[in-house]
Amino acid sequence: MPDSREYRPLIGMSSPAAFLPLLAWLLPVAWGPVQPRAGASLVINEFLPDPAGADAGREFVEILNSGPQAIDMVGVGLEFGNGSQPDSWVGRWRCDTPMVLPPGQRLVLVDRNWMGPDSALQVEVYLGLQNGPDAIRLVRDGTVLDLVGYGALTDTLMMEGSPVGVSPGLSLSRRPDGRDTQDNGRDFVAADPTPGAPNFHPHALSLLGITLEPPALDRPLEPVVLAVHLRNTGTLELPAGMGLVQGPQYPLEAMLDLGPSDAEVWVRFHWQPRTEGLIPLTFLFPVPGEQDTLRVPLGHYQVGPAELVLNEAMPAPAQGQGEWLEVEATGAGPVYLGDFGLRDEDGDWVALPSRNLVPGQLLVLAQDPGAMLEWHQANRDAGAVGPCAQLDLAACLDQPAGAWPTLNNSAPEGREFADRLWLGRRLPGEEAWTVVDQVVLGGVDASLQDGDGRSWERLARRPSSPGLANWSFSTAAAGSTPGCRNSLTAGAVAPGELTLEPEVLGGRQGVTTQHIAFQVPPGVQGWTLAIHDTWGHRVRDLGGDMAGPGPRQLHWDGRDENGNPVAAGAYVVLLVLLGPQGETLNRSQALSAVHREGP
């Protein structure tokens, strides 16, 4: 209970002796230790001794009235004790003006030139808490009301029970608010600073981690597995209930049975996005039997091409040029690369160089730009660079701002692919990277484990047909096309013309995808396209549309309707042009060959 004695203000007293108590307060003194009173209502509820960055203007101490009655604060003071000078306490603040702290209310002492948020009841003083081993205490009239030791403190007279460890950038907070068991190490935990607000709510969730597989989609209607790792950071047990993910076109639901405080759980959702774009995701949990709905932001998920995409990658160079990759700007305006980063499956994020790309511009990011230029010159001298013979590679060549993400060429134990490239972006107000594009390098098929000096090329910004891969090995003579159009990208075709690039699947180069391009001429409404064997049997339907004139681009991966590789031999690619009523107007065909190497 608060001391009931009357306190008179010292300022204005005529007797010099009246100032002695104040002088004693401001100077270090060697008082005999006084044990804190168990169950005191006025407690140090939260404090920040080691803020992120400079300490000045960021430290604070929050005092809480945890009892059922209002407390007269006149005469209450905060003292700091340096752990290297036992029993030496220095006054940091004393309440000498009338103040009453109601039950459950907080008083926040903030450091001078405070840079944090405003609190309802706040006093600016010099704190100088240091980072430990040190201590602070609340006192009044020689009685210690509360005492907290922190850091690697060993003096038992400067703590209650055991000290609490200091975590840079985090507050030391009672959990739950106001709990005082006379053991600092047990009562306090490191947490995000909340000056003037509750440290922990009865019902609360925090996000420990999130995984999305795949991390981004290049087209809608593909399956995604979303896994969310949550912790019950509230002070009460959470009853079992239905958790929701808000953000997709329809809510995703899963049962959540988290249980007591500090318990953790993984919650998984299965999703097939139906639209393109950067989709915000939020986890919701309506607490059963309560009015609370807990909200946990999960970030964003990219479906379809972003304004910057991965376009080509060389994970297994064979001519000394080093690893490299190529990005392309696909948006309507300039793209600032400094907002983007890169990582591989097992590495950390590395920022891209601080430069702009205009729409359609390609940039090659190289592990060793010098070696890359030497390789390009040697191939140009040998006439093996195809459409890139006159390319000034130095003008579109750069490197990441940090260490290169070394790429695996074969799958490590426990994984079905060699490596994966992730392209991410830092969105405003979010600390975590948002993946905007990705490509898996080297799949389960052993023939895809080693690139043999050939790059992986993107076939199109968006895959042309559902179920088809959007990446394959380059067919260029030099093994890759850094800085220019991919070898697997079809060029312009005349109306009605049907072209195949390349004409042979498989073979010595192991080409796995054939690019099919044509243009629906004016006056024609639609089309269908299918692969037939030489007996006329259809082996694969690649679809069609009734969208009118314009270019079309498709890909065939050498597989039949059941997803099985077709046998070696000749195949007919048949294009049928349709009128407004679906009637056949014209047929075009081209010959494709599939080669399967023997053992």
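Structure first, text after, so check above.
Residues numbered from 1 in each chain as written. Predicted model: local features only at pLDDT ≥ 70, side-chain atom pairs only at ≥ 80, totals over all residues. Heavy atoms only, no water.

**Q** Any details on the sheet that holds strand β12 (residues 188–191)? Residues and values, ideally.
**A** Spatially, β8-β7-β2-β1-β11-β12 is the arrangement adopted by the 6 strands of the open sheet, whose pairing is mixed. A strand with exactly one partner marks an edge of an open sheet, and here the two such strands are β8 (122–125) and β12. Across this sheet, the average inter-strand angle for adjacent strands is 30°, counted without regard to direction. Bridging between strand β7 (residues 106–111) and β8 involves 4 bridges; their strand directions are parallel. Following the sheet pairing, Asp-111 is matched in β8 by Val-125. (Pairing = 2+ DSSP bridges. Helix = DSSP H or I, 4+ residues; strand = E, 2+ residues; numbered from the N terminus. Axes fitted to C-alpha atoms, helices over the stretch in contact; angles between N-to-C directions.)

**Q** Before we move on, could you go through the sheet that holds strand β17 (residues 264–271) and cite the residues and values that matter?
**A** Ordered by their spatial adjacency, 3 strands build an open sheet running β13-β14-β17, and the pairing between neighbours is antiparallel. Both outer strands of the open sheet, β13 (205–213) and β17, are each paired with one neighbouring strand and no more. Averaged over all neighbouring strand pairs, the angle between strand axes comes to 20°, with direction disregarded. Across 8 bridges, β13 lies against strand β14 (residues 224–232) in antiparallel orientation. Residue pairing for β14: Leu-205 is matched across the bridge by Asn-232.

**Q** Can you tell me about helix α3 (residues 369–381), naming the residues and giving the values?
**A** For α3, spanning 13 residues, the distance from its first C-alpha to its last is 18 Å, which sits close to the expected 18 Å at 1.5 Å a residue. Taken as a whole, α3 has its buried residues at Ala-371, Met-372, Trp-375, His-376 and Asn-379. End-on view of α3: buried residues confined to an arc of 135°, all on one side of the axis. Residues of α3 that are exposed and angled more than 90 degrees away from the buried face: Glu-374 and Asp-381. Residue Gly-383 follows α3 closely and has a positive phi angle near 70°. (Expected span 1.5 Å × (residues − 1). Buried < 20%, exposed > 50% of the residue type's maximum accessible area, 1.4 Å probe, protein only. Arc of directions from axis to C-beta.)

**Q** Explain the packing of aromatic side chains to me, and be specific about the residues and the numbers.
**A** Inspection of the entire model under this criterion finds 8 aromatic pairs. Taking 5.1 Å as the distance between ring centres and 55° as the angle between the ring planes, the aromatic pair formed by Phe-47 and Tyr-150 counts as tilted. Of this pair, Phe-47 sits in strand β1 (residues 42–48) while Tyr-150 sits in strand β10 (residues 143–150), and the two are 103 residues apart along the sequence. With a centroid separation of 6.1 Å and an interplanar angle of 80°, the aromatic rings of Phe-60 and Trp-114 are classed as edge-to-face. Highlighted residues: Phe-60 in strand β2 (residues 60–65) and Trp-114 in the loop between β7 and β8, separated in sequence by 54 residues. For the pair shown, Phe-60 and Trp-114 are each scored as buried. Cluster of aromatic residues (ring-pair linked, three or more members): Phe-47, Tyr-150 and Phe-188. Above the plane of the ring of Trp-89 lies Arg-137, whose end atom (NZ or CZ) is 4.0 Å from the centre. (Phe/Tyr/Trp six-rings, centres within 6.5 Å; stacked < 30°, edge-to-face > 60°. Lys NZ or Arg CZ within 6 Å of the ring centre and 35° of its normal.)

**Q** So, the pairing of strand β18 (residues 277–286): which residues are in play, and what are the values?
**A** In this sheet, β18 lies alongside strand β15 (residues 241–246) in antiparallel orientation, the contact comprising 3 bridges. Bridged to Gln-246 within β18 is Thr-282. Sheet topology note: the β18/strand β19 (residues 293–303) ladder contains 10 bridges and is antiparallel. Each bridged residue has a counterpart across the sheet, and for Thr-282 the counterpart in β19 is Pro-297. Here β18 folds back onto β19 in antiparallel fashion, the turn holding 6 residues, of which Gly-289 has a positive phi close to 80°.

**Q** Residues and numbers for the environment of Pro-193, please.
**A** Note that Pro-193 resides in the loop between β12 and β13. We classify Pro-193 as partly exposed; its relative accessible area is 35%. Note: C-alpha distance between Pro-193 and Ser-171 (22 residues apart in sequence) is 5.0 Å. The contacts of Pro-193, once residues within four sequence positions are left out, are Glu-46, Leu-48, Phe-60, Gly-169 and Ser-171. (Contact = heavy atoms within 4.5 Å.)

**Q** Which residues make up the pairing of β10, and what values do they have?
**A** The side chains of a regular strand alternate, first on one face of the sheet and then on the other. Of all 8 residues making up β10, 7 are buried, and the element is well covered by its neighbours. In this structure, strand β9 (residues 134–140) lies alongside β10, joined through 7 bridges in antiparallel fashion. Bridging from a neighbouring strand, Asp-134 pairs with Tyr-150 of β10.

**Q** Describe the pattern of salt bridges, and please don't skip the residues or the numbers.
**A** Summed over all chains, the structure comprises 22 salt bridges. For the salt bridge of Asp-262 with Arg-175, the shortest nitrogen-to-oxygen distance reads 3.4 Å. Of this pair, Asp-262 sits in the loop between β16 (252–256) and β17 while Arg-175 sits in the loop between β11 (171–174) and α2 (184–187), and the two are 87 residues apart along the sequence. Residue class for Asp-262 comes out partly exposed when judged on its relative accessible area of 47%. Overall, the relative accessible area of 12% leaves Arg-175 in the buried class. For Arg-552, the salt bridge is made with Asp-545, and the minimal N-O distance between the two is 2.9 Å. Salt bridges sharing partners connect three or more residues here, namely Asp-146, Arg-174, Arg-179, Asp-180 and Asp-187. (Salt bridge = Lys/Arg side-chain N within 4 Å of Asp/Glu carboxyl O.)

**Q** Outline the side chain of Glu-323, supporting the account with residue identities and numerical values.
**A** With respect to the helices and strands, the residue Glu-323 is situated in the loop between β20 (308–314) and β21 (324–329). Of the side chains with opposite charge, Arg-415 lies nearest to the buried Glu-323, which makes no salt bridge, at 12 Å. Among the polar contacts listed, one links the side chain of Glu-323 to the side chain of Trp-404, at a separation of 2.9 Å. In this structure Glu-323 touches Met-314, Pro-315, Pro-317, Ala-366, Gln-367, Trp-404, Pro-405, Thr-406 and Leu-407, once residues within four positions along its chain are discounted. (Lys, Arg positive; Asp, Glu negative; His and termini not counted. Polar contact = N/O pair within 3.5 Å; in protein donor to acceptor, adjacent residues only side chain to side chain.)

**Q** How would you summarise the side chain of Asp-533 if you had to cite specific residues and measurements?
**A** Position of Asp-533 relative to the elements: it lies in strand β35 (residues 526–533). In this structure, Asp-533 is buried with no salt-bridge partner, the nearest side chain bearing the opposite charge being Arg-538 at 11 Å. Among the polar contacts made by the side chain of Asp-533, one reaches the main-chain amide nitrogen of Trp-535 at a distance of 3.0 Å. Not counting the four nearest positions on each side in its chain, Asp-533 is found in contact with Val-539, Ala-570 and Tyr-571.

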